[in-house]
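# Descriptive analysis of the structure
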Amino acid sequence: MTSLVLLEFDASGIKQPSRSAVAAAAKLGEVHALVTGENVASAAAAAARLPGVAKVLAADAPSLAHALAEPLAALLVSLAPAYSHLLAAATAVGKNVMPRVAALLDVQPISDIAGVVDANQFVRPIYAGNALATVRSADARKVITVRAASFDPVAAEGGSASVESVAAPDAGSGSRFVGAELSRSERPELTAARVVISGGRGMQAGENFKLLEPIADRLGAAVGASRAAVDAGFVPNDYQVGQTGKIVAPELYVAVGISGAIQHLAGMKDSKVIVAINKDEEAPIFQVADYGLVADLFTALPELAAELEKG
Amino acid sequence: MKILVPVKRVVDYNVKVRVKADGTGVETAGVKMSMNPFDEIAVEEAVRLKEKGIATEIVAVSMGLAACQETIRTALAMGADRGVLVETDVELQPLAVAKLLQALVAKEAPGLVIMGKQAIDDDMSATGQMLAALLGWPQGTFASKVAIENGTATVTREVDGGLETVALALPAVVTTDLRLNEPRYASLPNIMKARKKPIETLKPADLGVDPAPRLAVVSVAEPPKRKAGVKVASVAELVAKLRTEAKVI
Ligand SMILES: Cc1cc2nc3c(=O)[nH]c(=O)nc-3n(C[C@H](O)[C@H](O)[C@H](O)COP(=O)(O)OP(=O)(O)OC[C@H]3O[C@@H](n4cnc5c(N)ncnc54)[C@H](O)[C@@H]3O)c2cc1C
């Protein structure tokens, strides 16, 4: 039984959610990894160094440059016969392509797994994480996306797999990449950060997110947000934590001016330690917070920055 | 151009769901049901395209129990022209829904299918991509902006790093993200008018589809509960606790 894991990477290597997907696949047996894109040699080399990966498949083609679902699905389908399980992290790329692969294979995908019971049974959150379903697949081949926050990622170094080139099928697709508008930040990625500090509607304006910065700098934290803060235009969409945003499980999550709606909790309640700063002592966020501070954030945040400086 | 909009009846997003004592699922008896919020956004987008003169007809489709009629009526009250109900008491999973939609697309020949990016009950986020695959159509998932011109849908997508734009040759499938639009409330006159709009009822067999589920639910359990912690009196106390008690900073 061998699994194939679709990896995502950037200039600094294989992304952490993909390394979590490798960890999930390792529970099933032998793991092969797939890197795709244009000029993927260094990414393939990085994949080959992942502990637990036995073989790397590298597909290098201009059509794969932007991870469009149509050509990527065609590639995965062409490789599928050799594998019992096809996996990817439940990222924007994984969620976009894996169901497409599943349909082409006549398989019901298993989305966003948080646990592996055995080769056929998986645990996945439903209803914004308010219930955990254990499901058994009757399909011969499994197509899976992995909730990265639920699996400790494999290390970036330690393995030495072979690399093999594979050809991208020549799939004409009606889809064309036009452009991207990506947020640039020196901070760690939300899904990989050890500490996350998020602001909500209580921040009142995008400008005020500056109050989080000295704290984030000091703690090496990523900055996140509630849906209300994103909808109000305070911060870009990729900051959103929650049922329909990013799922995070850092060592420390600090929620500032966030009420604690179930859809927000769905994205952060598996954090190790939760701190809430809110002026409303009845706010539901306090029901999940390990440490709650009832305070006006506009006085508490500068104080917090100053207190951390003292350390 | 005709637009097909699938709409799902789900437990209302405000309801705090409870796991059934016997671990077979969540309690749905006597619970408020509504249209999946992402599907409301899909209906709204279709109605706006009709108001702009780009769409000529909007067909709202729902699948499941007879009660899904209500969800279709909501779509009709928002501005859809007619409804199709695929009635079955089989638990429908995304693969089955995608196959049923594929058969309906063959029948209705829409130029565009707009649907929610995920249903807030099973959180699968799969049906739109699967339908696009079965039809061999391009897909624009997690859309926060859609522009239709000269047989092309230009779709801005919410991705992990920010936004990405793709151009899709129509026909295509688009799935909606939260920020695509703000759905309207149906006015009373429109709710009255919607009662007279036609809804066709079909069975999966009429569409030649076997809807049997591929995933068996073995059990459903409550997630581990977090205990509320303590309130701290000051920022200084908070930082001290994080340093010495939680040891996370
Ligand atoms: C289908 C669907 C999907 C959704 N997905 C998500 C998701 O992925 N992520 C998400 O976050 N939400 C999501 N939501 C929205 C969610 O239901 C809530 O509306 C949202 O999380 C509220 O954001 P908030 O807590 O910032 O705002 P509010 O609920 O308005 O809370 C603001 C809080 O700030 C506090 N506050 C105000 N001023 C101050 C001050 N000066 N000092 C201290 N505290 C202050 C208030 O006491 C209040 O508790 C979704 C909703 C739906 C329907």
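Our structure's up above, just so we're on the same page.
Quick look at the structure, then. These figures come from a predicted structure and were not determined experimentally.

### Things to note about the packing of aromatic side chains
By the definition in use, this model includes one aromatic pair over all chains. Against the face of Phe-142 of chain B rests Lys-95 of chain A, its NZ or CZ located 5.9 Å from the ring centre. Here Lys-231 of chain B stacks its cationic end above the ring of Phe-286 of chain A, 4.7 Å away from the centre of that ring.

### Side note on the site of the ligand
Residues in contact with the ligand amount to 30 residues; listed here are only the nearest, Arg-201, Ser-226, Ser-259, Gln-263 and Asn-278 of chain A. Gln-240 of chain A places a side-chain nitrogen or oxygen 2.8 Å from an oxygen atom of the ligand. In the environment of the ligand, an oxygen atom lies 2.8 Å from a nitrogen or oxygen atom belonging to the side chain of His-264 of chain A. Protein chains bury 86% of the 990 Å² of accessible surface belonging to the ligand in isolation. Sorting the residues of the shell around the ligand by element identifies helix H6 (227-231), helix H7 (262-265) and helix H8 (297-310) of chain A together with helix H1 (37-51) of chain B as the ones contributing at least two each.

### Focus: helix H4 (residues 127-135) of chain B
In terms of residue burial, H4 of chain B counts as a mostly covered element, since seven of its nine residues are buried. On the buried face of H4 of chain B, the contacting elements are helix H4 (92-104) of chain A together with helix H3 (94-108), strand E6 (112-116), strand E7 (139-149) and strand E10 (172-176) of chain B. One or two residues past the end of H4 of chain B sits Gly-136 of chain B, with phi positive at roughly 70°.

### A look at the environment of Ala-221 of chain A
Residues and elements named next belong to chain A. Position of Ala-221 relative to the elements: it lies in the loop between helix H5 (213-219) and strand E15 (222-225). Along the sequence, Ala-221 and Val-40 sit 181 residues apart, while their C-alpha atoms lie 30 Å from each other. What Ala-221 contacts, discounting residues up to four positions off in sequence, is Arg-187, Pro-188, Val-195, Val-196, Ile-197 and Ala-216.

### A word on the pairing of strand E4 (residues 30-37) of chain A
Side-chain direction in a regular strand flips from residue to residue, so the side chains alternate between the two faces of the sheet. All names here are of chain A. Among the eight residues in E4, seven count as buried, and that is most of the element. Direction of pairing for strand E1 (residues 2-6) relative to E4: parallel, over a ladder of five bridges. Within the sheet, the bridge partner assigned to Leu-4 lies in E4 and is His-32. Assessed by its sense of winding, the connection that carries the chain from E4 through helix H2 (residues 41-48) to strand E5 (residues 53-60) is right-handed.

### Regarding the pattern of salt bridges
For the structure shown, the criterion picks out 30 salt bridges over all chains. Of the charged contacts, one joins Lys-99 of chain B and Asp-106 of chain A as a salt bridge, the two residues approaching to 2.7 Å between their closest N and O atoms. Of the two residues, Lys-99 of chain B is situated in helix H3 and Asp-106 of chain A in the loop between H4 and strand E7 (110-113); the pairing between them involves two chains. Its salt-bridge partner being Glu-222 of chain B, residue Lys-225 of chain B comes within 3.2 Å of it at the nearest N-O pair. When its relative accessible area of 67% is taken as the criterion, Lys-225 of chain B is described as exposed. Here the salt bridges do not stand alone but share partners, grouping Asp-106 and Asp-139 of chain A together with Lys-99 and Arg-214 of chain B into one network.

Definitions and limits used
- Residues numbered from 1 in each chain as written.
- Chains lettered and ligands numbered in written order.
- Predicted model: local features only at pLDDT ≥ 70, side-chain atom pairs only at ≥ 80, totals over all residues.
- Heavy atoms only, no water.
- Phe/Tyr/Trp six-rings, centres within 6.5 Å; stacked < 30°, edge-to-face > 60°.
- Lys NZ or Arg CZ within 6 Å of the ring centre and 35° of its normal.
- Near = heavy atom within 4 Å.
- Polar contact = N/O pair within 3.5 Å; in protein donor to acceptor, adjacent residues only side chain to side chain.
- Areas by Shrake-Rupley, 256 points an atom, 1.4 Å probe, with all protein chains shown as cover.
- Helix = DSSP H or I, 4+ residues; strand = E, 2+ residues; numbered from the N terminus.
- Buried < 20%, exposed > 50% of the residue type's maximum accessible area, 1.4 Å probe, protein only.
- Contact = heavy atoms within 4.5 Å.
- Pairing = 2+ DSSP bridges.
- Right-handed = clockwise from strand over helix to strand, strands pointing away.
- Salt bridge = Lys/Arg side-chain N within 4 Å of Asp/Glu carboxyl O.

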